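Chain by chain, the residues:
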Amino acid sequence: MELRFAPLFSGSSGNAIYVGCGDTHILVDAGLSGSRITHELDKIGLHPGMLSAILVTHEHTDHTQGVGILSRKYHLPVYATPGTWEGMATKIGSVDAHLRCVIEPEQDFYMGGMNIMPFATPHDANQSVGFRFD
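A. Representation of the overall build of the protein chain within the structure. Within the protein chain, the secondary structure is distributed over four helices and nine strands. Reading the helices (α) and strands (β) of the protein chain from amino to carboxyl end gives β-β-β-α-β-α-α-β-α-β-β-β-β. For 134 residues, the compact-globule estimate of 2.2 N^0.38 gives 14 Å, and the protein chain sits close to it at 13 Å. Across its three principal axes, the protein chain shows a C-alpha extent of roughly 35 × 30 × 30 Å. Taken across its 134 residues, the protein chain has 53% of its residues classed as buried. Pairs at least 24 residues apart make up 50% of the contacts formed inside the protein chain by residues separated by at least 6 positions. For the protein chain, the exposed area adds up to about 6500 Å²; of that, 52% sits on carbon and sulfur atoms. Counting 8 positive and 14 negative side-chain charges, the protein chain places the averaged centre of each group 8 Å from the other.

Now the structure itself:
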């Protein structure tokens, strides 16, 4: 199966990247409003309700602005490190406990046919990570 990538937004005003493989659809960061992200996903033929999860690299607003609303509206699990959860708690609003997924750097996990490896990144944030997809 092939991995598909589509940068939706990139820059200081907001960041979001789509990653897909088979029936697994992931949003990495959601740094703009839920409606803006929905509009961009529509351009690639994807409804937000089709997403498997949101992965968050770090708690800065340009990476988290739409996380809470998308999770609440579409019941999407959100994956982030303990430090990122702590840093974004007051920024994204409530996320149902069963949708809060805590990950650790250098501990891989699977989603559908994808192996996802979070790795530590140097940044002025609480426990920021990047993600490698295989």
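Structure's up, so let's keep going.
B. Inspection of the nonpolar core at higher detail. In this structure, L27, I37, I54, L70 and V78 are the most contacted members of the largest nonpolar core, which totals 25 residues. Among the elements of the structure, β1 (4-9), β2 (16-21), α1 (34-43), α3 (67-74), β5 (78-80) and α4 (82-92) are those that each provide at least two residues to this core. Apart from the residues lying within four places of it in its own chain, the contact partners of L27 are L8, A16, I17, I37, L51, A53, I54, L55 and L70. Of all hydrophobic cores here, the second largest spans 16 residues; its members include V19, A53, Y79 and F109.

C. Up close: the pattern of salt bridges. Evaluated as defined, the whole model comprises two salt bridges. Across the pair K43 and E40 runs a salt bridge whose closest N-O atoms are separated by 3.2 Å. With K43 and E40 both in helix α1 and three residues apart, the pair spans about one turn of that helix. Look at E40 and you get buried, because its relative accessible area is 15%. A salt bridge links R132 to D134; its shortest N-O distance comes to 3.1 Å. On the basis of relative accessible area, R132 is assigned to the partly exposed category, the value being 42%. For D134, a relative accessible area of 48% corresponds to the partly exposed category.

D. Up close: the side chain of H63. Structurally, the position occupied by H63 is in helix α2 (residues 61-64). H63 gets classed as buried once you look at its relative accessible area, which sits at 12%. At 3.3 Å, the side chain of H63 and the side chain of N15 are in polar contact. Non-local contacts of H63, meaning those with residues more than four positions away in its chain, are made with N15, D29, A30, G31, T57 and H58.

E. Quick peek at α1. For α1, the complete set of buried residues consists of G34, I37, E40 and L41. Buried positions in α1, seen along its axis, are confined to an arc of 130° and lie on one side of it. Among the exposed residues of α1, those pointing more than 90 degrees away from its buried face are S35, D42 and K43. Next to the buried residues of α1 lie β1, β3 (24-28) and α3. Note on α1: the residue one or two positions beyond its end, G45, has a positive phi of about 80°.

What counts and what doesn't
Residues numbered from 1 in each chain as written. Predicted model: local features only at pLDDT ≥ 70, side-chain atom pairs only at ≥ 80, totals over all residues. Heavy atoms only, no water. Helix = DSSP H or I, 4+ residues; strand = E, 2+ residues; numbered from the N terminus. Rg over C-alpha atoms; globule rule 2.2 N^0.38 Å. Buried < 20%, exposed > 50% of the residue type's maximum accessible area, 1.4 Å probe, protein only. Contact = heavy atoms within 4.5 Å. Areas by Shrake-Rupley, 256 points an atom, 1.4 Å probe, with all protein chains shown as cover. Lys, Arg positive; Asp, Glu negative; His and termini not counted. Charge placed at Lys NZ, Arg CZ, Asp CG, Glu CD. Core = buried A, V, L, I, M, F, W, Y, C linked by side-chain atoms within 4.5 Å. Salt bridge = Lys/Arg side-chain N within 4 Å of Asp/Glu carboxyl O. Polar contact = N/O pair within 3.5 Å; in protein donor to acceptor, adjacent residues only side chain to side chain. Arc of directions from axis to C-beta.

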